[in-house]
Amino acid sequence: MNNRIALIPILAVLFAGPAAGQTAEHFYNVDKEVKIEGVVRQISLEPRYKGTAPFLVLRVEASAEKKMYKVEVSPSWFFGQDIHGGEKVKIVGSLSEAREGLPTVIVRELQLRGETFTLRDKRGFPSWQGGPKHKRGIRRFGGD
Amino acid sequence: MKRRNVFLFFLLPFLGVFFFFSLASFLGQADLKRRTEVLVRGQLLATADILRVAVSHLLDEGVSPDGILDIVLTEEDIYFIALLDGENNVLAWNSRYEGYLPISLREARAERSEIIDSPAGKIFNTFTAVPRRDGSRYYIYLGYALAGMEEMIALSRRTSFLLSGLILLAGALFFRGLFQLQSGYMAKAREAEAERLEKERFRELSAFTSGIAHEIKNPLNSLSLLFELLLHKTPPEEKESLELGKTQVQAIARIVDRFSSAVRPVRPVSSMLVLDDVLRRAAASLAAEDPEVTARLLIEAESGVRLPGDGELLSLALLNLLKNAAEASSSTPVWVEGRRTKKKVEILVRDEGPGIPPEAVARVFEPFFTTKEKGTGIGLFLAKKIVEAHGGTIEVRSRAGKGSEFRIELPGA
């Protein structure tokens, strides 16, 4: 019985809605980088890209403008940190399309409790992908 | 060999060879990389051309942007692709990596291709205009890389590193061997030089000693004759003193003879000998000189062992060793053993005396070297000369308080 319960989230990850979050405007746009400082108001897991695990998504209220943003962090397995409502965060990311009436920010760097987490590189390459050169010890063409 | 010479003759050529190999390898890698870039860029442009035609047709047929990407996205070397309208708005896109579309829409220019360095490697990308039948324009943004090609370059690089390592290893081993050979040769050359100097010194010493012996023996002969004459003419009560004088003169003559024989070259007259006879002849000579030794002299010879050599000389050599052993202690036994070992004949002379001091062991066969108060340093030197003149070897082992053992090895019959 317990095993069956454990299978549910795994199956949920594998069959997460393929295009549930991916739209034409939803990509890391290097032309639209923003910096936001605010407070976490809500934490959720949402499907974002085709065939990938759900992403950790925060609702952050920007301190300066008192405006709410949806903040796309990373796949939940990659972030691996406890995060709570009411915590202060600093975010560097790309402004994406509005969802549910809220502008979305795809995070590149997230500062939480004084620690900075790099989630993407400057062009938006996701850190959790690592790159094939890390997988087989092969130095890829032109890398580094 | 001096450190500078090692550097000049061994290390420098090796480093030179290694440097040229590394340079050739580096240039080869760079050339391969350049050729690959040209190849991938060509592939990218060809793919972009094909896509332009296909997308243009699909747009004219009214297929949606998402539908177009689903149709055209079959090439596995495409890392990302985006379809944009004339105002550079992204209509649809797809990427291997979540949200990764590294285009700056501000900087995007049609028909311009560039290379993006990503953690996944170098991605070649291009921004291609797609004209429609109605005159409007769309754009395809395409990112492309050849994974197989990158792996080939990585393999080439690894092979190059491996070869470099092997060259380093082989070079190190080769030059180490060469250096050891050179060191061995130099050591032998030094030994040969020392031997030459020693022989020269000995030749000078021989000439000097022979000259002195010759000069001393003539007056000694005259003195001996004079004592003989005086003995005939002297009354019996005075003869004792004269006898003593004569004996002393004869002792001086014997010492001079020994020195002369020591410096003379040894030329054995070889015949077939029986080992037992040689040992017993030496023992008899010792007994004649010192009858008291006979009681503690133990001879053990393997029967029927024959060897070629000069019986007189070999007996003399053994006599010197036996005298040396007998003088080591006045009461302990002296052993002399002879036997055949494979094609050689081995003779051991052993005593149970106090042993030779360690610092003196290496010098016991040197001429005129002695640790005894009344020794001349001739006996062991002469023994070694005789053994070596027979093509044999002699060595000594000694332990403090346990005695000494001289081991002679001669060619057997």
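As the structure is a computational prediction, the values presented were derived from the model and not from experiment.

Cut-off values and rules
Residues numbered from 1 in each chain as written. Chains lettered and ligands numbered in written order. Predicted model: local features only at pLDDT ≥ 70, side-chain atom pairs only at ≥ 80, totals over all residues. Heavy atoms only, no water. Pairing = 2+ DSSP bridges. Helix = DSSP H or I, 4+ residues; strand = E, 2+ residues; numbered from the N terminus. Axes fitted to C-alpha atoms, helices over the stretch in contact; angles between N-to-C directions. Contact = heavy atoms within 4.5 Å. Phe/Tyr/Trp six-rings, centres within 6.5 Å; stacked < 30°, edge-to-face > 60°. Buried < 20%, exposed > 50% of the residue type's maximum accessible area, 1.4 Å probe, protein only. Parallel < 35°, antiparallel > 145°, perpendicular 65-115°, else oblique. Left-handed = near helix turned anticlockwise from the far one by under 90°. Nonpolar A, V, L, I, M, F, W, Y, C, P; charged D, E, K, R; others polar. pLDDT = per-residue confidence, 0-100. Buried area = accessible area lost by both parts, 1.4 Å probe. Salt bridge = Lys/Arg side-chain N within 4 Å of Asp/Glu carboxyl O. Polar contact = N/O pair within 3.5 Å; in protein donor to acceptor, adjacent residues only side chain to side chain. Patch = residues over 30% accessible without salt bridge, like charges linked within 9 Å, V, L, I, M, F, W, Y side chains within 5 Å. Areas by Shrake-Rupley, 256 points an atom, 1.4 Å probe, with all protein chains shown as cover.

Engineer: Which residues make up the sheet that holds strand E7 (residues 297-301) of chain B, and what are the values?
Structural biologist: Residue and element names in this part refer to chain B. Strands sit in the order E7-E9-E10-E12-E11 across an open sheet of 5 strands; the sheet is mixed. Lying at the two open borders of the sheet, with one neighbouring strand each, are E7 and strand E11 (393-399). Here the strands of the sheet are splayed against their neighbours by 15° on average, with no regard to which way each runs. Two strands pair when backbone bridges link them, and strand E9 (residues 334-341) and strand E10 (residues 344-351) are joined in this way by 8 bridges, in the antiparallel orientation. What sits directly across from Arg340, in E10, is Val345. Seen against the sheet, helix H6 (residues 311-328) touches E7, E9, E10, E11 and strand E12 (403-411) and runs at an angle of roughly 25° to E10.

Engineer: Describe the sheet that holds strand E2 (residues 90-95) of chain B, with residues and values.
Structural biologist: All names here are of chain B. As summarised here, the arrangement of the 5 strands in space is E2-E1-E5-E4-E3, forming an open sheet in which the pairing is antiparallel. The open sheet has two free edges, formed respectively by E2 and strand E3 (112-118), since each of these has just one partner strand. Sheet twist, expressed as the mean angle between neighbouring strand axes with direction ignored, is 15°. Examined bridge by bridge, strand E1 (residues 78-84) and E2 share 5 bridges and lie antiparallel to one another. Along E2, the bridge assignment pairs Leu83 with Ala92.

Engineer: I'd love a proper account of the packing of aromatic side chains, names of residues and values included.
Structural biologist: Tallied over the full model, the rule gives 17 aromatic pairs over all chains. Look at Tyr49 of chain A and Phe55 of chain A: their rings are 5.2 Å apart centre to centre, the planes differ by 65°, and that puts the pair in the edge-to-face class. Residue classification places Phe55 of chain A among the buried positions, given a relative accessible area of 0%. Arranged with centres 5.1 Å apart and planes meeting at 15°, the rings of Phe127 of chain B and Tyr139 of chain B form a pair that is stacked. Of this pair, Phe127 of chain B sits in strand E4 (residues 121-131) while Tyr139 of chain B sits in strand E5 (residues 137-144), placing them 12 residues apart in sequence. Accessibility classification places Phe127 of chain B together with Tyr139 of chain B in one group, the buried group. Each residue in the set Phe125 of chain A together with Tyr79, Phe80, Tyr97, Tyr100, Phe127, Tyr139 and Tyr141 of chain B is aromatic and connected to the rest through ring pairs, giving one cluster.

Engineer: How would you explain the packing of helix H5 (residues 275-289) of chain B against H6 of chain B if you had to name every residue and give the values?
Structural biologist: Between two packed helices, both the angle of their axes relative to each other and the distance between the axes serve to describe the pair. Residues and elements named next belong to chain B. Packing of H5 against H6 leaves a shortest axis separation of 8 Å and a crossing angle of 55°. The angle between the axes of H5 and H6 places the two elements in the oblique class. Crossing angle aside, the handedness with which H5 passes H6 is right-handed. On the side of H5, the interface is formed by Val278, Leu279, Arg281, Ala282, Ala283, Ser285, Leu286 and Glu289, while H6 contributes Gly311, Glu312, Leu314, Ser315, Leu318, Leu319, Leu322 and Lys323. Of the residues that constitute the contact of H5 with H6, the class distribution is 9 nonpolar, 3 polar and 4 charged.

Engineer: Let's hear about the confidence of the model for chain B: which residues, and what values?
Structural biologist: Of the residues in chain B, 97% have a pLDDT of 70 or more, and the chain-wide mean is 85. Interface confidence for the predicted complex, given as ipTM, is 0.75, next to a pTM of 0.51.

Engineer: Can you tell me about the interface of chain A and chain B, naming the residues and giving the values?
Structural biologist: Interface size is commonly expressed as the accessible area that is lost once the parts come together. On the chain B side, the residues contacting the 33 residues of chain A number 35 residues. Between chain A and chain B, a total of about 2,900 Å² is buried, with carbon and sulfur atoms accounting for 55% of that surface. The tally of links from chain A across to chain B stands at 0 salt bridges. Our enumeration of links across chain A and chain B arrives at 5 residue pairs in polar contact (both at pLDDT 80 or more). Partitioning the side of chain A that touches chain B into residue classes produces 12 nonpolar, 11 polar and 10 charged.

Engineer: How would you explain the environment of Leu91 of chain B if you had to name every residue and give the values?
Structural biologist: As for its position among the elements, Leu91 of chain B is in strand E2. For the pair Leu91 of chain B and Tyr139 of chain B, spaced 48 residues apart in the sequence, the C-alpha separation amounts to 9.9 Å. Leave out the neighbours within four places in its chain, and Leu91 of chain B touches Ala24 of chain A together with Pro65, Leu83, Leu84, Asp85 and Tyr138 of chain B.

Engineer: Please give an account of a nonpolar patch on the surface that cites residues and values.
Structural biologist: All names here are of chain B. A grouping of Phe19, Phe20, Leu23, Phe26 and Leu27 is seen on the molecular surface, where their side chains present a nonpolar patch of about 560 Å² in accessible area. Its location among the elements puts Phe26 in helix H1 (residues 3-60). Residue classification places Phe26 among the exposed positions, given a relative accessible area of 56%.

Engineer: Got a sec to walk through the pattern of salt bridges? Specific residues and values, please.
Structural biologist: Within this structure, the stated rule accounts for 33 salt bridges over all chains. We note a salt bridge from Arg41 of chain A to Glu61 of chain A, for which the minimum N-O separation is 2.9 Å. One end of the pair, Arg41 of chain A, is in strand E1 (residues 33-46); the other, Glu61 of chain A, is in strand E2 (residues 55-62), and 20 residues separate them in sequence. Three or more residues joined by partner-sharing salt bridges are found here, namely Glu337, Arg339, Glu346, Arg350, Glu395, Arg397, Glu405, Arg407 and Glu409 of chain B.

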